[in-house]
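# Tertiary structure, described
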Amino acid sequence: MAGQGEERGEEKKKFSIWDLPDVPAGQLPPHLELQRTRVLCNKDAPIHTESVLYSGAYASMGVDNSLRLDHFCHNFRVEVVRLTEEDMEFDMIGIDAAIANAFRRILIAELPTMAIEKVLIANNTSVVQDEVLAHRLGLIPISVDPRLFEYMSENDQPNEKNTIVFKLHVHCKRGSPRITVKSDELKWLPNGSELIKESRNVASDSASKPETYTSFSCSQDTLPEFANNPIAPKYPDIIISKLGPGQEIELEAHAVKGMGKTHAKWSPVATAWYRMLPEVVLLEEVEDDLAEGLKSKCPVNVFDIEDLGKGKKRATVARPRACTLCRECIRDEEWEKRVAIHRVKDHFIFTIESTGALPPEVLFTEAVKILEDKCERVITELS
């Protein structure tokens, strides 16, 4: 009898939860895998929003949660959904939210563009004050590749490699109706500034060439990049000011290279944002009148009705990507048993809206290069 008891004790010690048929060895139970990979959106608030990044989080279950390079390379991919001249929507799959947010911050604050920084006002009799006028000019997107120009420091002189000069001279004649000054009135000066500096040296030679506010060694339109592609504002119909009879604006605007973290006028995007991929699951068959009721609940038309024949109808999830997480479909308690709303933690829908300085696909590739440079600097400093 004693021997039989010892044998039973040894059998109990050898038994493990992984011996059960519905729990595969080396894998998480379904409810834990759901919590690890999905945000569960209940009717009151989402839960399990955190990402489990600790490599030993599931070590007691025999599951390795560490980030492996081969696993990342196999799972990561980018799928372009929509691409136009002004915006781009694409899916970033197999990454963490921190990486998606790094791209968003780089796009907003660290991608350089050209924007008007200095405004030399010769005459302004409009109702718009000089400071407001300069601010409005700075926010006009300029259609030029910033990679063709250099940054200008405090000690640098404005030249053809770091400055773009525009001229604006509009006059409303007396007795004429009011006129609207738009961005197409900004004329590119490829030879640089035309405003002459006031000479402080009275004894200077009057025959010498008058000094302007830039020192261009050559005309910018002679460069191959601009020979057939003149520099101009991206949109010609941006309103700058309105002039009444007798009012006039005469100025020069100097554009330089900068980044959005210095001032928002250098940000190349109107906005860059992302959201997790929605996942709508029907927990049971929703048929007939219930199917019609479910379809009518959704304001963005996520659900559709499938005809089964013989007067039978069934609800289906036709457009889960359109879900905005309004949770109208699960407001009532009885519907929580039929519908579940999730967000996929490693699948992000990314949207880039360009201001027009660069195409959105170019902005994304430049953001990838900047992030790569950051990673290389970190590796160099740590090694």
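For the structure given in this document, a descriptive report is provided here. These numbers come from a predicted model, not from an experiment. (Residues numbered from 1 in each chain as written. Predicted model: local features only at pLDDT ≥ 70, side-chain atom pairs only at ≥ 80, totals over all residues. Heavy atoms only, no water.)

### Concerning the overall build of the chain
Just so we agree on the cut-off: A helix here means a DSSP run of H or I that spans at least four residues, while a strand means a run of E at least two residues long, and both kinds are numbered starting from the N terminus. In this description the radius of gyration comes from C-alpha coordinates, and the expected globular size is given by 2.2 Å times residues to the power 0.38. Burial status follows relative accessibility: with a 1.4 Å probe on protein chains alone, a residue under 20% of its type maximum counts as buried, one over 50% as exposed, and anything between as partly exposed. Contacts are assigned to residue pairs with any non-hydrogen atoms lying within 4.5 Å of each other. Only the protein chains shown count as cover for residues, and all accessible areas are computed by the Shrake-Rupley method using a 1.4 Å probe. Here the positive residues are Lys and Arg and the negative ones are Asp and Glu; neither His nor the chain ends is included. In plain terms, the charge of a residue is placed at NZ if it is Lys, CZ if Arg, CG if Asp and CD if Glu.
Within the chain one finds 8 helices and 16 strands. Radius of gyration (C-alpha) of the chain: 32 Å, far over the 21 Å computed for a compact globule of 383 residues. Once the C-alpha set of the chain is aligned to its principal axes, its extents read approximately 125 × 65 × 35 Å. Taken across its 383 residues, the chain has 36% of its residues classed as buried. Taking as baseline every contact in the chain between residues at least 6 positions apart, the subset at least 24 positions apart corresponds to 74%. Working note: accessible area of the chain is about 22900 Å², and carbon and sulfur atoms make up 52% of it. For the chain, the separation between the mean place of its 48 positive charges and that of its 62 negative charges on side chains is 3 Å.

### Concerning the sheet that holds strand 5 (residues 113-124)
For sheets, the rule is that strands pair by backbone hydrogen bonds, running either parallel or antiparallel. Just so we agree on the cut-off: At least two bridges found by DSSP between two strands is the condition for calling them paired. Only the stretch in contact is used when fitting a helix axis, every axis being a line fitted to C-alpha atoms; angles between N-to-C directions are given from 0 to 180 degrees.
Spatially, 4 strands are ordered 5-12-7-9 in an open sheet, and the strand pairing comes out antiparallel. At either end of the open sheet lies a strand with only one pairing partner, and these are strand 5 and strand 9 (187-188). Of the strand pairs in this sheet, strand 5 and strand 12 (residues 248-258) are connected by 10 bridges, and their pairing is antiparallel. Bridge pairing links isoleucine 116 to alanine 255 in strand 12. Strands strand 5 and strand 12 of the sheet are contacted by helix 5 (residues 130-138), whose axis makes an angle of about 150 degrees with strand 5.

### A look at the nonpolar core
Defined as follows: By convention a nonpolar core is built from buried Ala, Val, Leu, Ile, Met, Phe, Trp, Tyr and Cys residues, the set being connected through side-chain atoms within 4.5 Å.
Core analysis: the largest hydrophobic core is formed by 26 residues, its most contacted members being Leu137, Ile164, Phe166 and Ile231. Mapped onto this core, the elements with two or more residues apiece are strand 5, helix 5, strand 7 (164-171), strand 11 (239-243) and strand 12. Phe90, Met92, Ala367 and Ile370 belong to the second largest nonpolar core, which has 21 residues in total.

### Some words on the packing of aromatic side chains
Test applied: Ring pairs shown here join Phe, Tyr and Trp side chains whose ring centres sit within 6.5 Å, with only the six-membered ring taken for Trp; geometry is labelled stacked below 30 degrees between planes, edge-to-face above 60, and tilted in between.
With the rule as written, the count across this model stands at 8 aromatic pairs. Between phenylalanine 90 and phenylalanine 364, the ring centres sit 4.7 Å apart and the planes meet at 55 degrees, which makes this aromatic pair tilted. Of this pair, phenylalanine 90 sits in strand 4 (residues 87-93) while phenylalanine 364 sits in helix 8 (residues 360-382), and the two are 274 residues apart along the sequence. Both residues of the pair, phenylalanine 90 and phenylalanine 364, belong to the buried class. One aromatic cluster is present, formed by Phe90, Phe103, Tyr274, Phe348, Phe350 and Phe364 through successive ring pairs.

### Considering the environment of proline 299
As for its position among the elements, proline 299 is in the loop between helix 7 (288-297) and strand 14 (303-309). Residue class for proline 299 comes out exposed when judged on its relative accessible area of 60%. Remark: the alpha-carbon pair of proline 299 and cysteine 329, spanning 30 residues in sequence, is separated by 9.4 Å.

### Overview of the pattern of salt bridges
To keep it simple, the criterion reads: Every case where a carboxyl oxygen of Asp or Glu lies within 4 Å of a side-chain nitrogen of Lys or Arg is listed as a salt bridge.
According to the stated counting rule, one finds 25 salt bridges in the structure shown. Here arginine 314 ties to glutamate 285 by a salt bridge, and the two come within 3.7 Å at their closest N and O atoms. Of this pair, arginine 314 sits in strand 15 (residues 312-317) while glutamate 285 is found in the loop between strand 13 (269-282) and helix 7, placing the two residues 29 residues apart along the sequence. A salt bridge links glutamate 292 to lysine 313; the nearest nitrogen and oxygen atoms lie 3.0 Å apart. Highlighted residues: glutamate 292 in helix 7 and lysine 313 in strand 15, separated in sequence by 21 residues. Residue classification places lysine 313 among the partly exposed positions, given a relative accessible area of 27%. One salt-bridge network, held together by shared partners, links Arg82, Asp87, Glu89, Asp91 and Arg321.

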